[in-house]
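For reference, the chains in residue letters:
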Amino acid sequence: MTETKVKPPRAPAPETSPPRSTELDRARYVTVIRPATQMPRIDLRELWRYRELLGIFVWRDLKVRYKQTVIGGAWAIFQPALTALVYTLVFGRFAKFPSGRLPYPVFAFAGVLAWQYFSASLNIASASIVGNVPLVTKVYFPRLLLPLAGVVVPLIDLCLAGFVLVAMMAWYSTWPGAAVLVAPFFILLALVAALGAALALSALNTRYRDVPYAIPAFMQVLPFLSAVPFALDGVPLRWQWVLSINPMTAVVSGWRWAVLGGPQPILGQLGLSVGVAILVFIGGLAYFRRSEPRFADTI
Amino acid sequence: MTVVVAAEGLSKRYRIGQHKAAYGTLRDSVVHQVRRFRSGHLHEPAEEIWAIKDVSFEARDGEVLGVIGPNGAGKSTLLKILTRITTPTAGRAEIRGRVGSLLEVGTGFHPELTGRENIYLNGSILGMKRSEISRNFDAIVDFSGVAKFIDTPVKRYSSGMFVRLAFSVAAHFEPEIMIVDEVLAVGDADFQRRSMGRMESIGDSGRTVIFVSHNLQGILQLCDRAILLEKGHVVRSGATPDVVAYYEQQTIGMGPEVAWTDPATAPGDELVRLESVRIVDEDGSSTSTADVRRPLGIEIAFCVLADGRPIVPKARVLDQHGAICFNVMDVSSRWHEPTPPGEYVATAWIPPNLLNEGRISVDVDVVTVASPKLIPHASAYQAVACHVYDTGEGDSARGLFSGQLRGAVRPLLDWTLEER
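None of the values given here were measured: they were computed from a predicted structure.

1. Brief notes about the overall build of chain B
Each helix and strand in chain B was counted, giving eight helices and 18 strands. Looking at chain B as a whole, 42% of its 420 residues qualify as buried. Counted over contacts in chain B with a minimum sequence separation of 6, partners at least 24 positions apart contribute 72%.

2. Some details on the overall build of chain A
A count of helical and extended segments in chain A gives 13 helices and two strands. Projecting the C-alpha coordinates of chain A onto the three principal axes gives extents of approximately 75 × 40 × 40 Å. Taking the intrachain contacts of chain A between residues at least 6 apart in sequence as the baseline, contacts between residues at least 24 apart amount to 80%.

3. Describing the domain arrangement of chain B
Residues and elements named next belong to chain B. What the domain assignment lists for chain B is domain 1 (3-250) and domain 2 (257-389). Every contact between the two is made by nine residues of domain 1 and, on the other side, eight residues of domain 2. Considering every element that reaches the side of domain 1 that touches domain 2, the biggest residue donor is helix 8 (residues 240-252), with five residues. Grouping the constituent residues of the side of domain 1 that touches domain 2 by class yields five nonpolar, three polar and one charged.

4. Brief notes about the sheet that holds strand 11 (residues 272-280) of chain B
Residue and element names in this part refer to chain B. Judged by pairing direction, the sheet is antiparallel, and its four strands sit side by side in the order 10-11-13-16 without closing on themselves. Either end of the sheet is taken by a strand with one partner, and the two such strands are strand 10 (257-259) and strand 16 (342-350). Averaged over all pairs of adjacent strands, the angle between their axes in this sheet comes to 20°, without regard to strand direction. Bridging between strand 11 and strand 13 (residues 296-304) involves eight bridges; their strand directions are antiparallel. Across the sheet, the residue bridging to Val 277 is Ile 300, located in strand 13.

5. Comments concerning the pairing of strand 14 (residues 312-318) of chain B
Residue and element names in this part refer to chain B. Among the seven residues of strand 14, five are classified as buried, and the element is accordingly described as predominantly covered. As defined by bridge partners, strand 14 adjoins strand 17 (residues 358-370) across seven bridges and the pair is classed as antiparallel. Among the inter-strand pairings, Arg 316 is bridged to a residue of strand 17, identified as Asp 363. Pairing of strand 14 with strand 15 (residues 324-329) involves five bridges; the strand directions are antiparallel. Of the residues in strand 15, the one forming a bridge with Ala 315 is Val 328.

6. A word on the confidence of the model for chain A
All names here are of chain A. In the predicted model, chain A carries a mean pLDDT of 84, and 91% of its residues have values of at least 70. The secondary-structure element of chain A with the lowest mean pLDDT is strand 1 (residues 2-6), recorded at 47, while helix 8 (residues 183-207) shows the highest, at 94. Under a pLDDT of 50 for its full length, residues 1-24 has, in the predicted model, 31 contacts with residues more than four places off or in other chains.

Parameters at a glance
- Residues numbered from 1 in each chain as written.
- Chains lettered and ligands numbered in written order.
- Predicted model: local features only at pLDDT ≥ 70, side-chain atom pairs only at ≥ 80, totals over all residues.
- Helix = DSSP H or I, 4+ residues; strand = E, 2+ residues; numbered from the N terminus.
- Buried ≥ 20, exposed ≤ 12 C-beta atoms within 10 Å, placed from the backbone.
- Contact = placed C-beta atoms within 7 Å.
- Domains from an automatic or database assignment.
- Nonpolar A, V, L, I, M, F, W, Y, C, P; charged D, E, K, R; others polar.
- Pairing = 2+ DSSP bridges.
- Axes fitted to C-alpha atoms, helices over the stretch in contact; angles between N-to-C directions.
- pLDDT = per-residue confidence, 0-100.

Have a look at this one:
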C-alpha cells in the first residue's frame, strides 16, 4: 500500500523566492511506499488532489466517444429510442404489460433511459482498467479514477436523451410534480450501484478476461428484474419486494415517479434497494482496493 | 543536502510458472483449484522469484543516481516500485516531493485526439497541473516542432512527430524527483542528444534524478553516484566510475590489468614472453575508468629470454565498436640494438584530451620491425580495457557541448583566430 500524506504548507514564501518553490512542494508531498496491506483504506485527500485527472479522463472519453461517427452524439438518443420503440411494440401493444396510468411509450422511454445509464456505466467502468493497460503499467495515479470516470461519462448521454424525454413528455402532456427535484437522487443510486459492481468487475477483469463476455449475458435479463418494461405496482406485492433486492428496481420506478409522476415507491422497498446498493458499493470498493496493488502485475 | 529518496530493504517477489491463473480464464482457475483440492496439495508451492531483494539506497537533493545492471537484474522492478506502479512485497521507501517518471514517452496518448488535446491529456497523466501545462504549452509545442499539426489527430502523425511531441511534454514536466528508464535509447541521434542535454539540465537544476540505463557512457556523464544491481541485489554502490568499472570487469571479463604468472604459458616465443599488461593512471595504479582530461598509460611488462634481435613494444587502441583508434610503437633509438635478456616494463602514455569517450580495449605486441613488416614475438589481443569518460565540466574538448562527438579520437586542439 502506498499513501501520500499532505502536510500543511509552510509559511508563505517571500516574494523574492522563485515562483515554483520545490522546498514547499517537498514539505507537502511525502510518499511512503510500503507492502500492500490486507485492509487498505480509501485516501480521500489523494483522490481530491487527483480531481483534475478525473476530469481529464472524463473529457478524453467524451471526446473520443463518437469520433469518426456520422451522427455523433445522436447515438445517445437513437439507442434508447430504438429500445423504447421495441418495448412499446412488443410489451406495450402485444403483451399488454402494465404501465399504470402513463402512456406506454413515454413510460418505456423514461425507464430505458435510467436503465441504459446503468448499463453503459457498468460496461464502461468494468472495462476501464483493462482498457487502459498502458497507463496502469506505466504511471501511478489512484486507479479508482478510471471506473469513476466510467460512470460519469454516460451521464452526458443521459442528459442528451433527457431532452428527448422532455419533448415526449410535452407530446403526451405528462408533467412531473415537485418529485422531479429528487430525480437526481435516483440517478445517483444507479451510479452507486453501477460503480460498486463495476469496481469488483474491473478488478476481476484484470485476472479473468471472462468479465466482458459475462456482462452482456446478464444485461439481457436484468431489465426484466428491474421493472423496466412494466410498472412495479403491476406485480404482486410479494414480488415487488423480491425485485427490490435489485437496486435498479428502485432506480427505474423511482425515476419514473420523479420524472413522470408515476406511483410513489414504497419507502421500505426503496430502503431495501438503497441498502443493497450501498453494500454492493462497499464490497466492490473493498475488493478493488485489495486487488489494486496487483493490477500492474496481473493485467 | 537532505535525503529525498530513502529505500530500505525493498523486495519484490513474483510467482512464475504454475500460477497460470493470473492470465487464464475463470474456468481454468476453478478447475485448477478443484484439482489441487482433490490431489490433496492445497498448498502447492508456486515457483517464486525475487525480482529484487533487500535493496536499500538513498538519493539526496540534486543528486543524479545511476542504476545499472545486466538484463533481469531488477532495475525495472525497482523503478516500478519507486513510481508506485506496483507495491513491494517487503521493505519501505520514503520519497519527498513529486515523482515524475520517464518510463516511456507518450504514455496515454490517444490516437483520436489532436496534438493540442494530447498535450493536456499526457501532461495530466504525468502529474502536471492544468495551469502548469497551459503555462508551458507554447514551449512544449516549440520544442516538439509540430506546431503546424497541433490541431491534427495524432494518428495522422508520422512516428517521428509523435515521439517528438511525446518527449516534449515529458521534458517540460518538472517534478522534484525524476525517474528515467532507457528513454534515451530511442529516437534518432538528434533526439538522443537533446534528451541527454535535458537530463543534464534537470540534474543541474537541483532536482533528483534516478537514471536507469544500459548506456554506461550516459551514466558516467550524468550520474554522481551509481548502484549496481545483480540478480535483484545491490552488489555495489558508490562513485559512478568505481561502480561502472566493477560492472565492466564483471560482465565483459576484461579488466584494467592482466598478468601471466607462468612464463611457460605466457604469450610469446623463445625470444620474448609477456608478463603483464595494465592500464594505469598517472600514479601508476591500474584503473578501469579514466577521466578524459588525465593522461593514461598502457604498461607492458615483458621478459626478454635471449639476446639476438632488436624488439619494440607496440600497442593498439580500439574503441568500443572494435575500430582501431591508433597503433603506437616506441620509436626511441634504445630499441635499435638487440635488447639484452632481462625484465622490462614499458609504458606508453596517452596524452590527456586525446581519446574520445567510451570503452577502449588494448591489444599489445612485442615485435621486431622488418619494414615494411612487423614480426610479432609476443601478442595479447583484447588484453585490457578501460572506460574513458568526460564529466562535462567544460574544460575538455567537449567544451559546453553535451551531445555526441563522433570520432575515434577527440583531441583538444589549439585554435587561432584572426580578425580581418
